[in-house]
Amino acid sequence: VNLTFVFQKKDQKHDSVSQRASGDAVMCPVKQWAALVQRIHNYPGTSDNTTVDTIMSLGRFRRITSTEMVHALRDAAAAVGEARLGFAKEDIGTHSLRSGAAMSMYLGEC
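First, a word on what this report is: a plain description of the structure on this page. (Residues numbered from 1 in each chain as written. Predicted model: local features only at pLDDT ≥ 70, side-chain atom pairs only at ≥ 80, totals over all residues. Heavy atoms only, no water.)

1. Describing the side chain of Thr54
Topologically, Thr54 is positioned in strand β3 (residues 54–57). Note on Thr54: relative accessible area 5%, which makes it buried. What Thr54 contacts, discounting residues up to four positions off in sequence, is Arg39, Ile40, Tyr43, Phe61, Arg62 and Arg63. (Helix = DSSP H or I, 4+ residues; strand = E, 2+ residues; numbered from the N terminus. Buried < 20%, exposed > 50% of the residue type's maximum accessible area, 1.4 Å probe, protein only. Contact = heavy atoms within 4.5 Å.)

Listed below in structure tokens is the structure:
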């Protein structure tokens with residue numbers, strides 16, 4: 001699967017990243033991406049141009065922002081606590097999503 005990021009923090013536009021099938025039933029990035037695309041296509045009124053950050057909330061489409069994600073991650077970290085986590089909530093950013101999601105899927109066998 002080839003992902004193209006229209007704009008990133010590093011000011012690089014239309015940067016593409018390729019992921020190959022791993023063969024793992026759970027952790028395969030190609031299978032996970034296909035599931036994400038299928039979820040979005042199952043929303044009524046979506047198309048191939050609907051972005052992957054789209055959710056349906058209260059019967060309407062909206063896009064999740066990186067700011068919302070950072071706040072959600074930091075709120076969760078604050079609830080657990082720095083002493084238990086070993087790092088401060090301020091140390092968490094959207095980069096934490098990739099590694100955290102992968103580890104959660106692996107540990108949770110989902």
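Moving on from the coordinates now.
2. Structural notes on unusual backbone geometry
Positive phi values are uncommon outside glycine, yet Leu58 reaches one of about 55°. Position of Leu58 relative to the elements: it lies in the loop between β3 and β4 (60–63).

3. Digging into the environment of Asn2
Here Asn2 is to be found in strand β1 (residues 2–7). Ignoring sequence-local partners within four residues, the contact set of Asn2 consists of Ser16, Val17 and Ser18.

4. Quick look at the packing of aromatic side chains
Using the criterion set out here, one finds one aromatic pair in the structure. Relative to Phe61, the ring of Tyr43 lies with its centre 5.7 Å away and its plane at 50°, an arrangement referred to as tilted. Here Tyr43, found in the loop between α1 (29–41) and β3, pairs with Phe61, found in strand β4; they are 18 residues apart in sequence, far enough to count as distant. Here Phe61 falls in the partly exposed class, since its relative accessible area comes to 38%. (Phe/Tyr/Trp six-rings, centres within 6.5 Å; stacked < 30°, edge-to-face > 60°.)

5. Quick notes on the pattern of salt bridges
Two side chains that carry opposite charge are able to pair once their charged atoms sit near each other. Tallied over the full model, the rule gives two salt bridges. Between Asp53 and Arg63 there is a salt bridge whose closest N-O contact spans 3.0 Å. With Asp53 in the loop between α1 and β3 and Arg63 in strand β4, the pair connects residues that are ten residues apart, well separated along the chain. The exposure class assigned to Asp53 is partly exposed, which follows from its relative accessible area of 24%. (Salt bridge = Lys/Arg side-chain N within 4 Å of Asp/Glu carboxyl O.)

6. Notes on the side chain of Thr46
Within the secondary structure, Thr46 sits in the loop between α1 and β3. Within the structure, Thr46 has its side chain in polar contact with the backbone oxygen of Ile40 (distance 2.9 Å). Within polar-contact distance, the side chain of Thr46 engages the backbone oxygen of Tyr43 at 3.0 Å. Contact partners of Thr46, with chain neighbours within four places excluded, come to Ile40, His41 and Phe61. (Polar contact = N/O pair within 3.5 Å; in protein donor to acceptor, adjacent residues only side chain to side chain.)

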